[in-house]
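Residue-level structural notes
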Amino acid sequence: MKEYKSEEEFLKDYDSSIFEKLSMTTDILLVSVSSISQGNYRKTSKKMMSILLVKRDSYPYKDKWCLPGGFLDPKTEDLEQCAKRVLKKETNLSDIYLEQLYTFSDLKRDPRMRVVSTSFIALVDKNILTENLNPNASWFDVTLITEEKDQTTLTLDNGEEVITFSIRKTLKEKTTDRYQFTTLKNEKLAFDHPVVILSGVERLRNKINYTDIVFNMMPEYFTLGDLQQVYEVILNRKLLDPAFRRIIASKVEKTEKIKKGEGHRPSALFRYKR
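Residues numbered from 1 in each chain as written. Predicted model: local features only at pLDDT ≥ 70, side-chain atom pairs only at ≥ 80, totals over all residues. Heavy atoms only, no water.

1. Points about the overall build of the protein chain
The helix and strand tally for the protein chain stands at 5 helices and 12 strands. Summarising its shape, the C-alpha atoms of the protein chain cover approximately 80 × 45 × 45 Å along the three principal directions. Within the protein chain, contacts between residues at least 6 apart in sequence are counted, and of these 54% link residues at least 24 apart. Only carbon and sulfur atoms are counted for the fraction: they give 48% of the accessible area of the protein chain, which is about 16400 Å². (Helix = DSSP H or I, 4+ residues; strand = E, 2+ residues; numbered from the N terminus. Contact = heavy atoms within 4.5 Å. Areas by Shrake-Rupley, 256 points an atom, 1.4 Å probe, with all protein chains shown as cover.)

Written out as structure tokens, the structure is:
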């Protein structure tokens, strides 16, 4: 083996072709918990979790749905820059909160080549977006989350098409609470995106317990009832009003504004205490 006198000399002589090449992508799980129409002004607005998907127009997985995603330009981008560019290109949305979720590196996750993907989770209230979505992008409401023992089933519905997939969770490492996710049923989603979606939903559930991440999908002013509904939709369970208000008391501040026009007593509006 040749002895080098300096790092510069080593790098000048270095042959990178000895390593196998792989491609890097980013996938974006865009989540919204937003109000839906109730058809009766006396009812409080109901909220539902939604996920943005795009329909592929080329192979592989032509005509199947997937998360917005694309390949990293290794010469000009870091991962977050790639995610923002891809989100704009695939959906026409920009200036949205993003944070890294996980890196997915299964050997067979892409039939074309070895592809490693770093996923991002993006949070927004879709009802306050001003941009028009690209024609092949659509919001899917998460209409059902069924959890039985080690299996979770999600049903997504955009009003024209229904997507159902099931994931098995197997405890991988007890000391760190790490799980192995395996897709059991999936016919309409491309790549390993069922696993990415469930991973993101579970990460969001965990983070709202110890961070203020949920406020990235809230408008500037909101009622405590609206905020509680968002927590309940994400956690998939009902919360006790007094307990919830104690938990979020230090996170919000009351304003002089009130919410009117829903057929009941006006409600005080709050905002995030930064």
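The rest of the description comes next.
2. Quick notes on the packing of helix α4 (residues 224-235) against helix α5 (residues 241-248)
Two elements in contact, α4 and α5, have axes separated by 11 Å at closest approach and are oriented at 95°. In terms of orientation, α4 lies roughly perpendicular with respect to α5. The residues of α5 that touch α4, namely those facing Leu-224, Gly-225, Leu-227, Gln-228 and Tyr-231, are Asp-241, Phe-244, Arg-245 and Ile-248. Grouping the constituent residues of the contact of α4 with α5 by class yields 5 nonpolar, 2 polar and 2 charged. (Axes fitted to C-alpha atoms, helices over the stretch in contact; angles between N-to-C directions. Parallel < 35°, antiparallel > 145°, perpendicular 65-115°, else oblique. Nonpolar A, V, L, I, M, F, W, Y, C, P; charged D, E, K, R; others polar.)

3. A look at the side chain of Ser-34
Counting through the fold element by element, Ser-34 comes out in strand β1 (residues 23-36). At a separation of 3.3 Å, a polar atom in the side chain of Ser-34 contacts the main-chain amide nitrogen of Lys-126. With sequence-adjacent residues up to four places away left out, Ser-34 is seen in contact with Lys-46, Lys-47, Met-48, Asp-125, Lys-126 and Asn-127. (Polar contact = N/O pair within 3.5 Å; in protein donor to acceptor, adjacent residues only side chain to side chain.)

4. Focus on helix α2 (residues 79-91)
Taking 1.5 Å per residue as the helical rise, α2 with its 13 residues ought to reach 18 Å, and the 18 Å between its terminal C-alpha atoms agrees with that figure. Burial in α2 covers these residues: Cys-82, Ala-83, Val-86, Leu-87 and Thr-91. End-on view of α2: buried residues confined to an arc of 130°, all on one side of the axis. In this fold, the buried residues of α2 make contact with β1, β2 (46-55), β4 (69-71), β5 (97-104) and β6 (115-123). Its side-chain oxygen 3.2 Å from the backbone nitrogen of Glu-80, Asp-78 forms the N-cap of α2. In the segment just after α2, Asn-92 is the residue with positive phi, at about 80°. (Expected span 1.5 Å × (residues − 1). Buried < 20%, exposed > 50% of the residue type's maximum accessible area, 1.4 Å probe, protein only. Arc of directions from axis to C-beta.)

5. Concerning the pattern of salt bridges
A full pass over the atoms with the stated rule returns 17 salt bridges. Lys-62 is the salt-bridge partner of Asp-63, the closest N and O atoms lying 3.7 Å from each other. We classify Lys-62 as partly exposed; its relative accessible area is 35%. Here Glu-99 and Lys-207 are joined by a salt bridge, their closest N and O atoms 2.9 Å apart. Of this pair, Glu-99 sits in strand β5 while Lys-207 sits in helix α3 (residues 193-207), placing them 108 residues apart in sequence. For the pair Glu-99 and Lys-207, one class covers both residues: buried. Each of Asp-27, Arg-109 and Asp-192 takes part in a single network of salt bridges with overlapping partners. (Salt bridge = Lys/Arg side-chain N within 4 Å of Asp/Glu carboxyl O.)

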